[in-house]
Amino acid sequence: MGEIPPICPPRVVFMRRVVVTGLGVVSPLGCGTELAWSRLLAGRSGVRRIAPRPGWPASVRSPLVAGTVLGLDDDAQGGFDPEAAASARDRRKMDRFVQFALVAADEAIRAAGVLDRSQTDRARIATVVGSSLGGLESIVNAVRPNEDQEPPRLSPFALPTFLGSMGASWISIRHGFKGPIGAPEGSFAAGLQALGDGARLIRANEADVAICGASEACLHPLVFGAFGAARALATGCELRPEAASRPFDASRAGFVLAEGAAILVLEALDHAEARGARPLAELVGYGSSADAHHITAAPADGEGARRAMGLALAQAGVTSAEVGYLNAHATSTPMGDACELNAIQAVFGDARVAVGATKSATGHLLGAAGALEAAFTVLSLRDQHLPPTLNLVEPDAAAAGMDLVQAARPADGLTHAMTNSFGFGGINASAIFRRYSQ
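These numbers come from a predicted model, not from an experiment. (Residues numbered from 1 in each chain as written. Predicted model: local features only at pLDDT ≥ 70, side-chain atom pairs only at ≥ 80, totals over all residues. Heavy atoms only, no water.)

Turning next to the overall build of the protein. Helix and strand counts for the protein stand at 14 helices and 16 strands. By the compact-globule yardstick of 22 Å for 438 residues, the protein fits well, its C-alpha radius of gyration being 21 Å. Across its three principal directions, the C-alpha atoms of the protein cover 60 × 55 × 40 Å. Taking all 438 residues of the protein together, the buried fraction comes to 59%. Carbon and sulfur atoms provide 53% of the accessible area of the protein, an area that totals close to 17,700 Å². Within the protein, one finds 38 positive and 43 negative side-chain charges whose respective centroids are separated by 3 Å. (Helix = DSSP H or I, 4+ residues; strand = E, 2+ residues; numbered from the N terminus. Rg over C-alpha atoms; globule rule 2.2 N^0.38 Å. Buried < 20%, exposed > 50% of the residue type's maximum accessible area, 1.4 Å probe, protein only. Areas by Shrake-Rupley, 256 points an atom, 1.4 Å probe, with all protein chains shown as cover. Lys, Arg positive; Asp, Glu negative; His and termini not counted. Charge placed at Lys NZ, Arg CZ, Asp CG, Glu CD.)

The next point concerns the state of the cysteines. For the structure on display, the rule yields zero disulfides. Between C237, a cysteine without a disulfide, and C218, which holds the nearest cysteine sulfur, the sulfur-to-sulfur distance is 16 Å. (Disulfide = S-S within 2.5 Å.)

The next point concerns the pattern of salt bridges. Scanning the entire structure with this criterion turns up 20 salt bridges. Between D208 and R124 there is a salt bridge whose closest N-O contact spans 3.0 Å. On the criterion of sequence distance, the pair formed by D208 in the loop between α8 (190–203) and β7 (209–216) and R124 in the loop between α4 (96–112) and β5 (125–130) is long-range, its members being 84 residues apart. Classification of D208 as buried rests on a relative accessible area of 13%. (Salt bridge = Lys/Arg side-chain N within 4 Å of Asp/Glu carboxyl O.)

Before going further, it helps to spend a moment on unusual backbone geometry. Phi at A292 is positive, roughly 50°, even though this residue is not glycine. Locating A292 in the fold gives a position in the loop between β9 (281–290) and α11 (303–316). The backbone of Q384 sits at a positive phi, close to 55°, despite the residue not being glycine. Relative to the assigned elements, Q384 resides in the loop between α14 (369–383) and β12 (385–386).

Once that is clear, we can look at the environment of S45. Structurally, S45 is set in the loop between α1 (33–41) and β3 (47–50). As for S45 and P241, which are separated by 196 residues in sequence, their C-alpha atoms are 9.1 Å apart. Ignoring any residue separated from it by four or fewer positions in sequence, one finds S45 in contact with L29, E242, S360, A361 and L390. For S45, the side chain forms a polar contact with the main-chain nitrogen of V47, separated by 3.1 Å. (Contact = heavy atoms within 4.5 Å. Polar contact = N/O pair within 3.5 Å; in protein donor to acceptor, adjacent residues only side chain to side chain.)

Among the structural elements, R174 can be located in helix α7 (residues 166–175). The exposure class of R174 is partly exposed, given its relative accessible area of 35%. Along the primary structure R174 and D106 are separated by 68 residues, whereas in three dimensions their C-alpha atoms are 9.5 Å apart. Setting aside residues no more than four positions away along its own chain, R174 makes contact with A84, A85, A86, L102 and D106.

Relative orientation of the contacting elements α4 and α7 amounts to 45°, with a least axis distance of 9 Å. Here α4 is positioned oblique relative to α7, judged by the angle of their axes. For the pair α4 and α7, the crossing hand works out as right-handed. Counting all contacts with α4, which are made through F97, V98, A101, L102, A105, D106 and I109, the residues of α7 involved are M166, G167, W170, I171, R174 and H175. Classifying every residue of the contact of α4 with α7 by side-chain character gives nine nonpolar, two polar and two charged. (Axes fitted to C-alpha atoms, helices over the stretch in contact; angles between N-to-C directions. Parallel < 35°, antiparallel > 145°, perpendicular 65-115°, else oblique. Left-handed = near helix turned anticlockwise from the far one by under 90°. Nonpolar A, V, L, I, M, F, W, Y, C, P; charged D, E, K, R; others polar.)

In this model, helix α12 (residues 334–348) (15 residues) spans 21 Å end to end at C-alpha, consistent with the 21 Å of a helix rising 1.5 Å per residue. Taken together, the buried positions of α12 are occupied by D337, C339, E340, L341, A343, I344, V347 and F348. Positive backbone phi, approximately 55°, marks G349, located one or two places after α12. (Expected span 1.5 Å × (residues − 1).)

Direction vectors running N to C along α1 and α14 enclose 80°, while the axes themselves pass 11 Å from each other. Taken together, α1 and α14 sit at an angle that is classed as roughly perpendicular. Across the interface between the two elements, T33, E34, W37 and L40 from α1 touch F376, L379, S380, R382 and D383 from α14. Among the residues making up the contact of α1 with α14, the classes are represented as four nonpolar, two polar and three charged.

Further remarks concern the packing of aromatic side chains. Under the definition given, this model contains six aromatic pairs. Look at F80 and F100: their rings are 5.0 Å apart centre to centre, the planes differ by 85°, and that puts the pair in the edge-to-face class. Here F100 lies in helix α4 and F80 lies in the loop between β4 (64–67) and α2 (82–85), a separation of 20 residues in the sequence. Here F80 and F100 have matching classes, each one buried. The interplanar angle of 50° and the centroid separation of 6.3 Å between the aromatic rings of F227 and F424 together place this pair among those described as tilted. Highlighted residues: F227 in helix α9 (residues 221–229) and F424 in the loop between β15 (416–423) and β16 (427–435), separated in sequence by 197 residues. (Phe/Tyr/Trp six-rings, centres within 6.5 Å; stacked < 30°, edge-to-face > 60°.)

As a further point, take α8. The terminal C-alpha atoms of α8 lie 20 Å apart, and with 14 residues this matches the ideal 20 Å at 1.5 Å per residue to within 8%. In terms of burial, α8 is largely enclosed, as 12 of its 14 residues are buried. Listed as buried for α8 are A190, G191, L192, Q193, A194, L195, G196, G198, A199, L201, I202 and R203. Remark: N205 follows α8 within two positions and exhibits a positive phi of approximately 60°.

So, on to the confidence of the model for the protein. Chain-level statistics for the protein give a pLDDT mean of 92 and a share of 93% at 70 or above. Here residues 1–5 scores under 50 on pLDDT; set against residues more than four positions off or in separate chains, the count is five contacts. Here residues 8–14 is modelled with pLDDT under 50, and outside its nearest four sequence neighbours on either side it reaches seven contacts, counting other chains as well. (pLDDT = per-residue confidence, 0-100.)

With 52 residues, the main nonpolar core has L195, L264, L266 and F433 as its most contacted residues. Take this core: its biggest share by element is nine residues, from α14. Other than its neighbours up to four places away in sequence, L266 contacts V18, V19, V20, L195, G198, A199, I202, D208, V209, A210, C212 and L283. Core analysis: the second largest hydrophobic core is formed by 32 residues, F80, A101, V103 and A105 among them. (Core = buried A, V, L, I, M, F, W, Y, C linked by side-chain atoms within 4.5 Å.)

This is the structure:
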C-alpha cells in the first residue's frame, strides 16, 4: 500500500464567523442538555435492556439491548414527555423521531434566546434537521394492517408522517421560521452534515441563524433484524447491557442501536453580539468527503475520513497540533474503529490529541449521532472537561501510543476540539469547534 498523499487544499477565509448559542438534547442519558451532560461525565450509561413495544410482532425475542429514551415513568428527572412535544391531535400526524426533534429544538431555541426579541426576522432563520431512517416505524405500522386491503385504508397524513424532512418542517411551522429549510439524509453522518449545511448558509449570508441537528427513532424489529443480519450489532450482552458498547476496546464486537435527537442553534457572530447573546463555542471548520469504495465498509487506511478531517483543519486554519480533543465516530465495530484509528494517526501523527468516544455511553443514534456528539464536544470546550469512554479496558493494539480518554478528566487550556461522523455509502464528515473568546 502506497503512502497517502498529503492534503494541501487552499485556505479559505470566511468573513462571517459562526457560533453556537443554544443546545437541545433528547438522549438515552436523559432529556435536557445539562442533565445528559452531567450523567455522561459521571460515567452513567444509557444502554439498557428493553422489552418489545406495543405493536411489535410476537416473534421478537426479549430482551433487546439498546440506547433507549426513557419515559417519565422510568426517569422522573429526565424522561421524555410526548405531551411536551405536541398535542395528542398533532402527535397522530407525526412519527416519534419528529417528537424528539421538537423537544430538542424547543430547548435549544429557549437556551439561545433567539426569539426573545420581537424584531427577530424569522425569514432569516434556517432550519436544517436531518434523519437517517425518518418515519420508518410509521411506514411499517401503515403497511401491516393494509397488506390484504385493496386499496389500502390510510390516513391522509400517512405520507407526511413517513418523510425524513418532517423534523425540520414541524420545527419551522411551530416557530414560524421562514428561512432556508433542509433535511440531510447522509446516513449516520446526517447530524453533522446538518451543521455543515447550516454554517454554509450563514457564511453565505443567506441566514443569520440556523437551527441544526438530527433526530432518530430507529428502535424497531426491522432495524434490529437488518443490522443483526449484517452481524453489526453487539450480541450476548443482555446480562450487562451497559458494557455492550466498547469503542476502541480489543474485545469490541459490534455497535448498540440507539435513539434520540440533538439540536444546535448556529448563529452569525455579529447577529449574536447585536442581541447580547453569549456563545458557547465557535464552529470554525467543517470538512466532508466520499470514500467511493464500498456501500457499507470504509477503506482500511481510512483515507476518506482522513481527507474530511484534513479539510476541516484547513477551513479552521489550524494545525492538528492545535486540536486537543477528538470525539470520534467510534461505533464499536472491529472494522469501523480500526479504519478511524488509521485515519486519526495519519492526520495527527505524533500530535497528542485526546481521543474519546461518547457512543460508549449512548449507543449509536444513527443519523442523530453526529449532532449529539457535536453537542458534547461543545460542552467539553465550555467546561474544559473531557467525558469518559466507557468500557475501554484493553485498548486495541492499533491505538498504541494514542491518548485514549478512558476516565473523565479536566482539560484546562483546551481551545479546539473535533468530532467525526461517518456513514454507509462512504460518507465522511468532520467538524472543529473553538472555545469562544471575544
